[in-house]
Amino acid sequence: MDRARLTAWTLTLAGLIPFVGCAALVLLTPDGARVWIEPLTVYGAIILSFLGGARWGRTMAGPEPDWLQLVLSNLPAVAAWLTFLPTVPDEFQLLVMIFGLIAMLYWDLRTAPVWYRNLRLTATGGAALSLLVVMQSF
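Only a predicted model underlies this, so the values are computations on that prediction, with no experimental measurement involved. (Residues numbered from 1 in each chain as written. Predicted model: local features only at pLDDT ≥ 70, side-chain atom pairs only at ≥ 80, totals over all residues. Heavy atoms only, no water.)

Visitor: Account for the overall build of the chain, with residues named and values stated.
Guide: Secondary structure assignment for the chain yields seven helices and zero strands. When the helices and strands of the chain are placed in sequence order, the string is α-α-α-α-α-α-α. Taking 138 residues into account, the globule formula puts the C-alpha radius of gyration at 14 Å, and the chain, at 16 Å, falls close to it. Dimensions of the chain, computed from the C-alpha atoms along their principal axes, are close to 55 × 35 × 15 Å. Across the 138 residues that make up the chain, the buried fraction comes to 36%. Long-range contacts, defined here as pairs at least 24 residues apart, represent 68% of the contacts in the chain between residues at least 6 apart. For the chain, the accessible surface area stands at approximately 8200 Å², while carbon and sulfur atoms represent 72% of it. In the chain, 8 positive and 8 negative side-chain charges are present, and the distance between their average locations comes to 12 Å. (Helix = DSSP H or I, 4+ residues; strand = E, 2+ residues; numbered from the N terminus. Rg over C-alpha atoms; globule rule 2.2 N^0.38 Å. Buried < 20%, exposed > 50% of the residue type's maximum accessible area, 1.4 Å probe, protein only. Contact = heavy atoms within 4.5 Å. Areas by Shrake-Rupley, 256 points an atom, 1.4 Å probe, with all protein chains shown as cover. Lys, Arg positive; Asp, Glu negative; His and termini not counted. Charge placed at Lys NZ, Arg CZ, Asp CG, Glu CD.)

Visitor: Just give me the short version of the packing of aromatic side chains, but keep the residues and values in it.
Guide: Applying the stated rule across the entire model yields two aromatic pairs. Measuring from ring centre to ring centre gives 5.0 Å for Phe19 and Tyr43, while their planes differ by 65 degrees; the resulting arrangement is edge-to-face. Of the two residues, Phe19 is situated in helix α2 (residues 17–28) and Tyr43 in helix α3 (residues 37–60); the sequence distance between them amounts to 24 residues. Note on Tyr43: relative accessible area 18%, which makes it buried. Each ring, one from Trp115 and one from Tyr116, has its centre 5.8 Å from the other, and the planes form 70 degrees; the classification is edge-to-face. Residue classification places Trp115 among the partly exposed positions, given a relative accessible area of 25%. Above the face of the Phe138 ring, Arg34 is positioned so that its terminal group lies 4.2 Å from the ring centre. (Phe/Tyr/Trp six-rings, centres within 6.5 Å; stacked < 30°, edge-to-face > 60°. Lys NZ or Arg CZ within 6 Å of the ring centre and 35° of its normal.)

Visitor: Please set out the side chain of Gln69 residue by residue, giving values where relevant.
Guide: Note that Gln69 resides in helix α4 (residues 67–72). Those residues within four positions of Gln69 in sequence are excluded, and the remaining contacts are Arg55, Thr59 and Trp107.

Given below as structure tokens:
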């Protein structure tokens with residue numbers, strides 16, 4: 001494995017720490033579990049924004065960027081942000097994060113090289129599973 005791929009894998013696995021850590025804290029601290037949902041969903045929104053930005057960058061790097069791809073690459077950040085509006089239930093927030101991560105995975109799997117597909121499957125699986133565990137704990 002070359003240095004760039006090793007770095008990508010290392011950063012990806014480290015990026016799962018907040019997902020897994022917050023999910024563990026929700027499960028292990030029943031009295032104060034709800035306090036860990038906000039850091040978890042904020043991190044999920046950040047990651048969705050990052051994935052949308054990565055898609056934007058790949059689109060802009062092409063010889064003739066597709067306007068529709070640029071518009072669609074903004075949807076994850078906007079969808080995640082909307083879940084932070086007042087009165088949005090935690091369960092709905094978690095559900096949007098899960099579906100957003102899976103949608104971005106599907107989008108990436110269509111054109112990504114094999115090594116990146118494996119990386120994204122691992123990252124999305126870990127993140128979505130962490131969010132699902134928290135959602136099921138209510």
